[in-house]
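Descriptive analysis of the structure
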Amino acid sequence: MYFHVYEYMEACVNAWFTTRLSFQSCSPELDMNIISLKPRGEGFILAVLLLSLASGAWGQASDTADDALIEDLIVEAHPLGDGELAQSAAVLDEEDIARTTGVAIGDVLSEVAGVQSASFGPRVGRPVINGLRGTRVLVVENDQDTMDFSSSPDHAVTVEPFLADRIYVLKGASTLLYGSGAIGGVVDVHTGRVPTSVPERPITGRALVRGNEASNGVYGGLRLDGGGGNFAWHADAYASDHRDISIPGYASVDPFAEDEHDDHDDHEDEHEDDHEHEDEHEDEHHDEHEDEMPVKGRLENSYAEYEGGSIGGAFVFDRGHFGVSVTTRDWDYGIVGAHHHHHEEEAHHDDHEHEDEHDDEHEDEHEDEHEDEHEDEHEHEHEEEGSPWIELEQTRVQAKFGLHDPLPGFRVLEGSLTVSEYEHVEIEGEGEIGSYFSNDAWEGRLILDGEEFEGWSPVLGLQFGVTELGIGSSEAEANVSESQHFAAFALAQKRFELVEIETGARIESTDIDGADGVSRDYLATSASLGAIFLPDDAWRVRVLGDYAMRAPQGDELFAENPHLAVQGFEIGNVDLDEEEAFNLSVGVDYTRGPFEFSANLYRYAFDNYIYQREVEDEVDGLEVLEWSQAEATFVGGDARAAYRFAHEPTGISGRLSLGFDMVQTDIDDPHEDHLPRSPANRVLAAGEMSWNNLWARLAYTHVFEQDDITSHETPTASYDNVDIQFDYSLDFLGASDLTLFLAGRNLTDEEQRNHVSFVKDEAPLPGRRIEAGVRLRF
């Protein structure tokens, strides 16, 4: 039986990767046919589960010892991470990640104090750290940029949380290590796709099957790691299909605004004393606009279909390791808030072909059956007129190596090289390309970790690469810019009796060439000085001051294109200068016994802050979004307290936590007082308990009203969110951990609008929903 399951899965994976590695370009100049062999649906999910169970049985016969680790050669999110850090940071381990059910990386991190998610529907959620977002918060996978196009609010971040071993969040400027794109912080997702050690067991892994009642969605993921001798390998695959999500009320803040305006205009022409004529007119008006009535209880066009996978291998030897991984992904998802209502013309989506006959067939069914089947089919309706969607593809190849004692005076040399080809198109309802984006890039990093010299622990590094960004539409020639960057940096740390000092500097050269022969050169420098005071074992006080610069990106300089998803016409500014930030942060950490406390205060002062400003102008009926610069300030803080408890007679243990975060923004703009989409203040509280095989968690979040807005925004009301989750763990076959979980989200079914979302007035967060599934680790 196990042999046939493996044979089936092998055939699926071989066919899948053969297809993915030969995918066609999404650019209209090339073949627009997107080849796809989609291993999703019930068959794929079942195969994932069966293969996981079979692997667990295999692993039972092997030695159950932990992975044999050679000396750790991996530079984690910060090369000085072995000591104390002056920078505020957070870490989510594998268990923390597994117990979150967020689809996007921003959702997974949304309960970390100081971090929110800039959602654009259920698939898209980019992290916002201390109010900074977009091109200022860098998301990296295994220490290197994801190389997608997620700087735009509607574009997904191309990482898969399920595969992560750990997620590191560095709050505040991290330009010393990662360059201009990290002036606001870094999210480093470690997936282990390039192995660095050989496990003693021939195969280990984990699997997840999860269902979501709000979208009738299903997710299946499988990760396998193994090896023998001096060779280690990794393989993973995932697939998911989510339909339109349920919401408490209407999608729009004011769903009848347009209809009320139409009613008013029509009734002005009516005779007030002719009641019979008025009634007839109302009936006719209702019939004419029946198709345009907004839908209640469902966020239209919020479906998502996505799949991906990776294969990696590495040779591990006495002094280090060398490995390579190949990753592909194919994601389709609807663009919420950018479509019209056409309920009688809804079509089933199957490989992007119309199947309108199904709607006619359902008209003869009973009403209840009609509604049920209609909801089942509505999910894939992006073919209908006015319902745009995004098709995203990426192939990413990463090579990593580590070498122990590479040179006299140095302990470790780490290096990595990543090459990526990314494309996505935004397609209108009739299949016409509205806009398209591409990012073909490669980047290399070298880091030397030096031996201690007179008490100082030095780190030296180089970073270099090329990025080619393409932006265009069906009506305009592609606007392509090429950026080349080269940087050198150094960090050092020294421990004194009661204080630890860390310092560093970076210099980075960036050359950007536009499509019209326009070139811009930038030289960005960064420096920092921090201190960690350690008065006793319980207290730690952190102070960090830094100066950071960010060079503009190609799209900020040369954009001149319509952007379907944001319903705007974006215009770049070739006169943009380097962005400068003067930052100061202070933090305190306290741990004694079962009690923990942490608090952080910060102030970021920007000169030449680059932002997108809405101007009183239109191009082709779209609002103009122009890249501009001004002075801006971010002031805020976050705090977290936790208490652990245990009652030995009953075996009950648990943890109570309370958190808070806030940020205020200010901009030196004659027309505005605040930056757009500034995060609202939050209070987060949670309690969790473990007893025998049962784990439970109850969480409450209060998001305050946000009325610090720009002239183009509307205030966002406060809301409360209540979640509950249960896990029940079983020992499976003596060598595997099987966990059944059940969760309820937004239990009060309250309407929730996320102020940091670009489409918060058109797309609320999901309503009350039930999630359930199985996790297996072997």
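Residues numbered from 1 in each chain as written. Predicted model: local features only at pLDDT ≥ 70, side-chain atom pairs only at ≥ 80, totals over all residues. Heavy atoms only, no water.

1. Observations concerning empty space enclosed by the protein
Summed over all chains, the structure comprises nine cavities of 30 Å³ or more. Considering only enclosed or pocket space, the largest cavity measures out at about 710 Å³ in volume. What lines the largest cavity is a set of 41 residues, and nearest its centre among them are Leu138, Asp145, Gly181, Thr467 and Gln553. Contributing elements (two or more residues each) for the lining of the largest cavity: strand 4 (137-141), strand 5 (144-145), strand 17 (433-450), strand 18 (456-473), strand 19 (476-495) and strand 20 (499-513). Residue contributions to the lining of the largest cavity peak at five residues, all from strand 17. If you go around the second largest cavity, you meet 35 residues; those closest to its centre are Arg133, Gly134, Ser151, Trp627 and Arg677. (1 Å grid on protein atoms, 1.4 Å probe; cavity = no way out; pocket = protein on both sides within 12 Å on 5 of 7 lines; lining within 4 Å. Points joined across faces, edges and corners; volume = space filled by probe spheres on them. Helix = DSSP H or I, 4+ residues; strand = E, 2+ residues; numbered from the N terminus.)

2. Considering a nonpolar patch on the surface
A cluster of nonpolar side chains, Phe317, Phe322, Val324, Val397, Leu417, Val419 and Trp442, forms an exposed patch at the surface whose accessible area comes to about 550 Å². Contributing elements (two or more residues each) for the nonpolar patch: strand 14 (320-334) and strand 16 (410-427). Here phenylalanine 322 falls in the partly exposed class, since its relative accessible area comes to 42%. (Patch = residues over 30% accessible without salt bridge, like charges linked within 9 Å, V, L, I, M, F, W, Y side chains within 5 Å. Areas by Shrake-Rupley, 256 points an atom, 1.4 Å probe, with all protein chains shown as cover. Salt bridge = Lys/Arg side-chain N within 4 Å of Asp/Glu carboxyl O. Buried < 20%, exposed > 50% of the residue type's maximum accessible area, 1.4 Å probe, protein only.)

3. Focus: the pattern of salt bridges
One pass over the full model with this rule turns up 32 salt bridges. Note that arginine 697 is salt-bridged to glutamate 111, the shortest N-O span being 2.8 Å. Of this pair, arginine 697 sits in strand 30 (residues 694-703) while glutamate 111 is found in the loop between helix 4 (105-108) and strand 2 (115-119), placing the two residues 586 residues apart along the sequence. Classification of arginine 697 by relative accessible area gives partly exposed; the value is 21%. For aspartate 449, the salt bridge is made with arginine 411, and the minimal N-O distance between the two is 2.4 Å. Remark: arginine 411 occurs in strand 16 and aspartate 449 occurs in strand 17; sequence separation between them is 38 residues.

4. Notes on a negative patch on the surface
On the surface, a cluster of negative charge is made up of Glu616, Asp617, Glu618 and Glu623. The dominant element in the negative patch, judged by the number of residues it contributes, is strand 26 (residues 595-619), at three residues. With respect to the helices and strands, aspartate 617 occurs in strand 26. Classification of aspartate 617 as partly exposed rests on a relative accessible area of 47%. (Lys, Arg positive; Asp, Glu negative; His and termini not counted. Charge placed at Lys NZ, Arg CZ, Asp CG, Glu CD.)

5. Thoughts on the nonpolar core
Counting residues in hydrophobic clusters, the biggest one holds 34 residues, and the most contacted among them are Ile105, Leu109, Ile167, Val187, Phe606, Tyr609 and Phe634. For this core, the secondary structure elements donating two or more residues are strand 1 (89-92), helix 4, strand 4, strand 6 (166-171), strand 7 (185-190), strand 26, strand 27 (622-647) and strand 28 (652-667). Sort the elements by how many residues they give to this core and strand 26 lands first, with five residues. Apart from the residues within four sequence positions on either side, leucine 109 is in contact with Leu92, Val115, Pro127, Ile167, Val169 and Val187. Counting 31 residues, the second-largest nonpolar core is a separate cluster that includes Phe162, Ile245, Val336 and Leu392. (Core = buried A, V, L, I, M, F, W, Y, C linked by side-chain atoms within 4.5 Å. Contact = heavy atoms within 4.5 Å.)

6. What to know about the side chain of serine 483
When you line up the elements, serine 483 lands in strand 19. Look past the residues within four positions of serine 483 in its chain and what remains in contact with it is Gly465, Val466, Thr467, Thr510, Asp511 and Ile512.

7. Looking at the pairing of strand 30
Of the pairings in the sheet, the one linking strand 29 (residues 682-691) to strand 30 comprises ten bridges and is antiparallel in character. If you follow valine 683 over to strand 30, its bridge partner there is histidine 702. Remark: two residues form the turn of the hairpin made by strand 29 and strand 30, two consecutive strands paired antiparallel; asparagine 692 in that turn has positive phi of roughly 55 degrees. Relative to strand 31 (residues 719-732), strand 30 runs antiparallel, the two being bridged by ten bridges. Directly across from tyrosine 700, in strand 31, lies its bridge partner valine 722. (Pairing = 2+ DSSP bridges.)

8. Looking at the side chain of arginine 506
Along the polypeptide, arginine 506 turns up in strand 20. Under the relative-accessibility criterion, arginine 506 is labelled buried at 4%. Reaching out from arginine 506, the side chain makes a polar contact with the backbone oxygen of threonine 175 at a distance of 3.3 Å. At 3.4 Å, the side chain of arginine 506 forms a polar contact with the side chain of glutamate 508. Discounting residues that sit within four places of it in the chain, arginine 506 has contacts with Thr175, Leu176, Leu177, Tyr178, Gly179, Gln463, Ala487, Ala488, Phe489, Ala524, Thr525 and Ser526. (Polar contact = N/O pair within 3.5 Å; in protein donor to acceptor, adjacent residues only side chain to side chain.)

9. Details of the sheet that holds strand 7
Ordered by their spatial adjacency, five strands build an open sheet running 1-6-7-4-5, and the pairing between neighbours is mixed. Strand pairing shows two members of the sheet lacking a second neighbour, strand 1 and strand 5, which therefore form its edges.

10. Quick notes on the confidence of the model for the protein
Looking at the protein as a whole, the pLDDT averages 81, with 78% of positions reaching at least 70. Confidence over residues 259-278 falls short of pLDDT 50; this stretch has 15 contacts with residues more than four positions distant or in other chains. Across residues 340-385 the pLDDT falls below 50, and counting only partners more than four positions away or on other chains, this stretch makes 88 contacts in the model. (pLDDT = per-residue confidence, 0-100.)

11. A closer look at unusual backbone geometry
At asparagine 142, a residue that is not glycine, the phi angle is positive and equals roughly 55 degrees. Exposure remark for asparagine 142: the relative accessible area of 5% places this residue in the buried category. Of note, asparagine 301 is a non-glycine position whose phi angle comes to about 65 degrees, a positive value.

12. Points about the pairing of strand 33 (residues 769-777)
Remember that side chains alternate between the two faces of the sheet whenever the strand is regular. Here seven bridges tie strand 8 (residues 203-212) to strand 33, and the two strands are oriented antiparallel to one another. Pairing of arginine 206 across the sheet is with arginine 777, part of strand 33. With nine bridges joining them, strand 32 (residues 736-745) and strand 33 adopt antiparallel strand pairing. Along strand 33, the bridge assignment pairs phenylalanine 741 with glycine 773.

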